[in-house]
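# What the coordinates show
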Amino acid sequence: MKKINLAISGCLGRMGQQLIKSSKSNKNFKLVTLTENKPVIKKIVGIKLDLNTEQAFKKTDVIVDFTVPKCTLDILKIASKLKKRVVIGTTGFTQKEEGLIKKYSKKIPILKAGNMSLGVNLLMYLTEITSKSLNDEYLSKVFEVHHKHKKDYPSGTALMLGKGIANGKNKNFYNLIGNKFLNKKSFPYGEKINFNSIRKGEIIGEHEVAFSSGKEIIKLNHEAFDRALYSDGALTAAKWLINKKPGLYSMRDLLNFK
């Protein structure tokens, strides 16, 4: 089988570094392009770092992007012109930016996930089922813990889980977003979905969804121990995307959850 030419944007970031590591041991890929959004004179695994340009992505089949929203949108603009596939692991998009991603997906195949882990995507699926099964007496909240270097909060995964709650209720997620707390020891349930984010140490990721009726509490949770979990998932997504038509896909499509 011909190897897939892979580009990694945000290659100096934590996930970028992990993706480089995972791609070296994955026989499906040939790493051809590494980019950053500012000039860096450096070589990694014999590849010279590039800026996000048409020239940089010309030889690639698929771009895996773990950067920041502005950078992701720049990459999508180039990718749609070159007809390249893009896997997006970037989080923190506004509603308007989400709309732009949808627009680009009419031209190219895009797989976007706030989390690339199989377990987390299963957790989202279970969250949706639980939310759908419980009546409006049950209030909900989402709790997450990440390492002290993570700047955005709530995490993309926490927002994904919040979306799972909203989908289960058949409601618009953006209308259901409640308070967003940072480093609180405890936080309340709400009619809207409240979020609490803890930033400490080098924790890779912990997420919990809780529902309460006042008479009982139901909790669903997931804990990640190894960052390779996310990079392996992103590469699985990149391989899956190769044969897809233009459209906006998720890990749920890949995993065939109905």
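Structure shown above.
Rules of the game
- Residues numbered from 1 in each chain as written.
- Predicted model: local features only at pLDDT ≥ 70, side-chain atom pairs only at ≥ 80, totals over all residues.
- Heavy atoms only, no water.
- Salt bridge = Lys/Arg side-chain N within 4 Å of Asp/Glu carboxyl O.
- Helix = DSSP H or I, 4+ residues; strand = E, 2+ residues; numbered from the N terminus.
- Buried < 20%, exposed > 50% of the residue type's maximum accessible area, 1.4 Å probe, protein only.
- Core = buried A, V, L, I, M, F, W, Y, C linked by side-chain atoms within 4.5 Å.
- Contact = heavy atoms within 4.5 Å.
- Pairing = 2+ DSSP bridges.
- Axes fitted to C-alpha atoms, helices over the stretch in contact; angles between N-to-C directions.
- Phe/Tyr/Trp six-rings, centres within 6.5 Å; stacked < 30°, edge-to-face > 60°.
- Lys NZ or Arg CZ within 6 Å of the ring centre and 35° of its normal.
- Parallel < 35°, antiparallel > 145°, perpendicular 65-115°, else oblique.
- Left-handed = near helix turned anticlockwise from the far one by under 90°.
- Nonpolar A, V, L, I, M, F, W, Y, C, P; charged D, E, K, R; others polar.

## Some remarks on the pattern of salt bridges
Overall, the coordinates contain eight salt bridges when judged by the stated rule. One salt bridge in this structure joins Asp-74 and Lys-70, with 3.4 Å as the shortest N-O distance. One end of the pair, Asp-74, and the other, Lys-70, are both in helix 3 (residues 69-82), four residues apart, so they sit about a helical turn from each other. For Lys-70, a relative accessible area of 61% translates into the label exposed. Measuring nitrogen to oxygen at the nearest pair gives 2.8 Å for the salt bridge that ties Arg-252 to Glu-128. With a gap of 124 residues between them, Arg-252 in helix 9 (residues 251-255) and Glu-128 in helix 5 (residues 118-133) connect regions that are remote in the sequence.

## Structural notes on the nonpolar core
Counting 31 residues, the largest nonpolar core has Leu-34 and Leu-111 as the members making the most contacts within it. The leading source of residues in this core is helix 8 (residues 228-241), at six residues. When neighbours within four sequence positions are excluded, Leu-111 is seen to be in contact with Val-86, Val-87, Ile-88, Met-116, Ala-237, Trp-240, Leu-241, Tyr-249, Ser-250, Met-251 and Leu-254. In this structure, Val-142, Ala-166, Ile-193 and Phe-195 belong to the second largest nonpolar core, which totals 18 residues.

## Here we look at the sheet that holds strand 1 (residues 4-9)
Spatially, the six strands line up as an open sheet ordered 2-1-5-6-7-13, and their pairing is parallel. On the outer flanks of this sheet lie strand 2 (29-35) and strand 13 (247-249), each paired with one strand and no other. The mean inter-strand angle of the sheet, taken between neighbouring strand axes irrespective of direction, is 20 degrees. In this structure, strand 1 lies alongside strand 2, joined through six bridges in parallel fashion. From the neighbouring strand, Ser-9 faces strand 2, where its bridge partner is Thr-35. Strands strand 6 (85-88), strand 7 (109-112) and strand 13 of the sheet are contacted by helix 4 (residues 95-104), whose axis makes an angle of about 145 degrees with strand 7.

## Observations regarding the packing of aromatic side chains
Per the stated rule, a full pass over the model turns up four aromatic pairs. Relative to Tyr-249, the ring of Trp-240 lies with its centre 5.3 Å away and its plane at 85 degrees, an arrangement referred to as edge-to-face. Members of the aromatic cluster, connected to one another through ring pairs, are Phe-143, Phe-181 and Phe-187. For the cation-ring pair, Lys-141 lies above Tyr-189, with the distance from its terminal atom to the ring centre recorded as 4.5 Å. We note Lys-244 situated over the ring of Trp-240; from NZ or CZ to the ring centre the distance is 4.6 Å.

## Describing the packing of helix 3 against helix 4
Relative orientation of the contacting elements helix 3 and helix 4 amounts to 15 degrees, with a least axis distance of 10 Å. Taken together, the axes of helix 3 and helix 4 are roughly parallel relative to one another. Where helix 3 crosses over helix 4, the two elements pack in a sense that is left-handed. Residues Pro-69, Leu-73, Leu-76, Lys-77 and Ser-80 of helix 3 pack against Glu-97, Leu-100, Ile-101 and Tyr-104 of helix 4. Of the residues contributing to the contact of helix 3 with helix 4, the split by class is six nonpolar, one polar and two charged.

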